[in-house]
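# Structure assessment
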Amino acid sequence: MADTTLSAASGARALAPLERPMQRTWRRLVKRKGAMVGLGLITAFILLAVSAPLAAPYDPIKTSWALVRKAPSAAHWFGTDDLGRDVLARVIYGARASLLAGAISVAIALAIGVPIGMIAGYRGGVIDALISRITDAMLACPFLILAIALAAFLGPSLGNAMIAIGISATPIFVRLTRGEVLSVKVEEYVEAARSVGDTDLQIAVRHILPNIMPALLVQATLSVAAAIIAEAALSFLGLGQQPPAPSWGSMLNAAQRFLTNAPWMAIWPGLAIFLVVLSLNLLGDGLRDALDPQQEE
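What you see is a predicted model, and the numbers here were worked out from it, not measured in a lab.

## With respect to unusual backbone geometry
Cis geometry marks the peptide bond from proline 243 to proline 244; its omega dihedral reads 5 degrees. The backbone of arginine 69 sits at a positive phi, close to 50 degrees, despite the residue not being glycine. Following the sequence through the fold, arginine 69 ends up in the loop between helix H4 (52-55) and helix H5 (87-123).

Structure representation (structure tokens):
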């Protein structure tokens, strides 16, 4: 009787559909409360940024000398700034610049860093040594300092700031991709693909890249947070989003002269940066655990 029961249970498990990787990752991610809080926060900021014309109560660049540095009230929930502009509207529109800068900067870093890292890790030899030394030289310079130098060279604008941040973040993805490729290219399925006549490009795209994507996804999530901080720093220094267009960094720059008389000018953009960066880090930590095949359920 026991043998029959065990056989039936084994047969049921054998007939049960296999769980897809995306379904397994989502199931494991949902169990991590911190990651879900981060996902909820970043989703809310994205929705605010996308629906800014509808969500913002006022024009973010419209000035009013009658409303200069007014405290938060029913009419202006976050108060007004030194030019009478609504702080809430500027925070909402500033989310566009920050999130866009974070996403595009990391996309640039991925587009440049992943192919170079795959070439270095897969080819090895002189090519690997040359790429590794250049990467080490770039990593020797602090990320933010390199971004400031590149942005100053390219000129002050949001587009140039995104390019500068993307190039500065590229060495991180080159090193990560190279290390992952070195560990994956010796696996048996890669050797099997090579034995049946697959070209190097086919092996890289079909077999190696999909298996290093989890590590790249986690690093990309964390790098978006770093890119948002970098964009805010560049805008604070006048090298990012240019006035009167709203940016959290430029809002902090304008608020530094009124910290005593109008602290709300600094509190709200600073809080927005804090929440976005915190949410991305929470989400990145959760993804790292959810995508780790050795992590316990």
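And the narrative resumes.
## Observations regarding H5
With 37 residues, H5 extends 53 Å from end C-alpha to end C-alpha; this agrees with the ideal 54 Å at 1.5 Å per step. Residue glycine 124 follows H5 closely and has a positive phi angle near 70 degrees.

## Some remarks on a nonpolar patch on the surface
Nonpolar side chains collect at one region of the surface, where Ile112, Ile116, Phe153, Leu154, Ile163 and Ile167 lie side by side and expose about 510 Å² of accessible area between them. Looking at the nonpolar patch, the elements with two or more residues in it are H5, helix H7 (143-154) and helix H8 (158-184). Structurally, isoleucine 116 can be placed in helix H5.

## Thoughts on the environment of glutamine 23
You can see glutamine 23 is positioned in helix H2 (residues 21-30). A C-alpha to C-alpha distance of 23 Å links glutamine 23 and isoleucine 46, two positions 23 residues apart in sequence.

## What about the nonpolar core?
Formed by 60 residues in total, the largest nonpolar core has its most connected members in Ile208, Trp248 and Val276. Of all the secondary structure elements, the ones that give two or more residues to this core are helix H3 (33-50), H5, H7, H8, helix H9 (188-195), helix H10 (200-236), helix H11 (248-255) and helix H12 (264-291). Take this core: its biggest share by element is 14 residues, from H10. Dropping the residues within four chain positions of it, tryptophan 248 is found in contact with Phe45, Val91, Gly94, Ala95, Ser98, Pro269, Ala272, Ile273 and Val276.

## Examining the environment of isoleucine 167
Secondary-structure assignment places isoleucine 167 in helix H8. Distance from isoleucine 167 to valine 106, taken between C-alpha atoms, is 9.0 Å for residues 61 residues apart in sequence. Aside from chain neighbours lying at most four places away, what touches isoleucine 167 is Met138 and Leu150.

## Description of the side chain of serine 98
Its location among the elements puts serine 98 in helix H5. Look at serine 98 and you get buried, because its relative accessible area is 1%. Setting aside its immediate chain neighbours within four residues, serine 98 contacts Ile228, Glu231 and Trp248.

## Comments concerning the side chain of threonine 221
Secondary-structure assignment places threonine 221 in helix H10. Classification of threonine 221 by relative accessible area gives buried; the value is 10%.

## A look at the environment of isoleucine 119
Mapping isoleucine 119 onto the fold places it in helix H5. Isoleucine 119 sits in the partly exposed class, given a relative accessible area of 45%. Residues isoleucine 119 and proline 57 lie 62 residues apart in sequence; the distance between their C-alpha atoms is 50 Å. Residues in contact with isoleucine 119, not counting those within four places in the same chain, are Gly124 and Ile127.

## Notes on H7
For H7, built from 12 residues, the straight-helix expectation of 16 Å at 1.5 Å per residue is met to within 8% by its first-to-last C-alpha distance of 16 Å. Three or more residues of H7 are buried, namely Leu146, Ala147 and Ala151. Seen end-on, H7 carries its buried residues on one side only, within an arc spanning 130 degrees. Buried residues along H7 sit against helix H6 (125-139), H8 and H10. In the stretch just after H7, glycine 155 is the one whose phi turns positive, near 115 degrees.

## Describing the confidence of the model for the chain
Averaged over the chain, the pLDDT score is 87; the fraction of residues at 70 or greater is 92%. Here residues 8-16 is modelled with pLDDT under 50, and outside its nearest four sequence neighbours on either side it reaches 0 contacts, counting other chains as well.

## A few points about the packing of aromatic side chains
Scanning all chains against the criterion turns up 2 aromatic pairs. Here the aromatic rings of phenylalanine 45 and tryptophan 248 are separated by 6.1 Å at their centres, their planes lie at 75 degrees, and the arrangement is edge-to-face. Of this pair, phenylalanine 45 sits in helix H3 while tryptophan 248 sits in helix H11; the two residues are 203 residues apart in sequence, bridging distant segments of the chain. Across the pair, exposure class does not vary: phenylalanine 45 and tryptophan 248 are buried alike. Pairing phenylalanine 78 with tryptophan 268 gives two aromatic rings, centres 4.0 Å apart and planes at 5 degrees, and the pair type is stacked. Taken together, the residues phenylalanine 78 in the loop between H4 and H5 and tryptophan 268 in helix H12 connect sequence positions 190 residues apart. Take phenylalanine 78: its relative accessible area is 19%, and that puts it in the buried class.

Rules used throughout
Each chain has its residues counted from 1, running along the sequence as written. In view of the model being predicted, local features appear only for residues whose pLDDT reaches at least 70, and side-chain atom pairs are presented and counted only at 80 or more, with totals across whole chains, interfaces and linings using the full set of residues. Remark: hydrogens and water are excluded; side-chain values derive from all non-hydrogen atoms of the structure. What counts as a helix is a DSSP run of H or I of at least four residues, what counts as a strand is a run of E of at least two, and both are numbered from the N terminus. For a helix, the expected span equals 1.5 Å multiplied by the residue count minus one. Here the term patch refers to residues with relative accessible area over 30% and no salt bridge, with like charges joined within 9 Å and nonpolar side chains (Val, Leu, Ile, Met, Phe, Trp, Tyr) within 5 Å. Using the Shrake-Rupley algorithm and a 1.4 Å probe, accessible areas are obtained, with residue cover drawn only from the displayed protein chains. One side-chain nitrogen of Lys or Arg within 4 Å of one carboxyl oxygen of Asp or Glu is enough to make a salt bridge. The criterion is simple. A nonpolar core is a set of buried Ala, Val, Leu, Ile, Met, Phe, Trp, Tyr and Cys residues joined through side-chain atoms within 4.5 Å. Buried residues are those whose accessible area, probed at 1.4 Å on protein chains only, stays under 20% of the maximum for their type, while exposed residues exceed 50% and partly exposed ones sit between those limits. Throughout, a residue-residue contact means that at least one pair of heavy atoms, one from each residue, lies within 4.5 Å. When we speak of the arc, we mean the arc of directions from the helix axis to the C-beta atoms. Per-residue confidence from the prediction method is given by pLDDT, with values spanning 0 to 100. A pair of aromatic rings is counted whenever rings of Phe, Tyr or Trp (Trp by its six-membered ring) have centres within 6.5 Å, and the orientation is called stacked for planes under 30 degrees apart, edge-to-face for over 60 and tilted otherwise.

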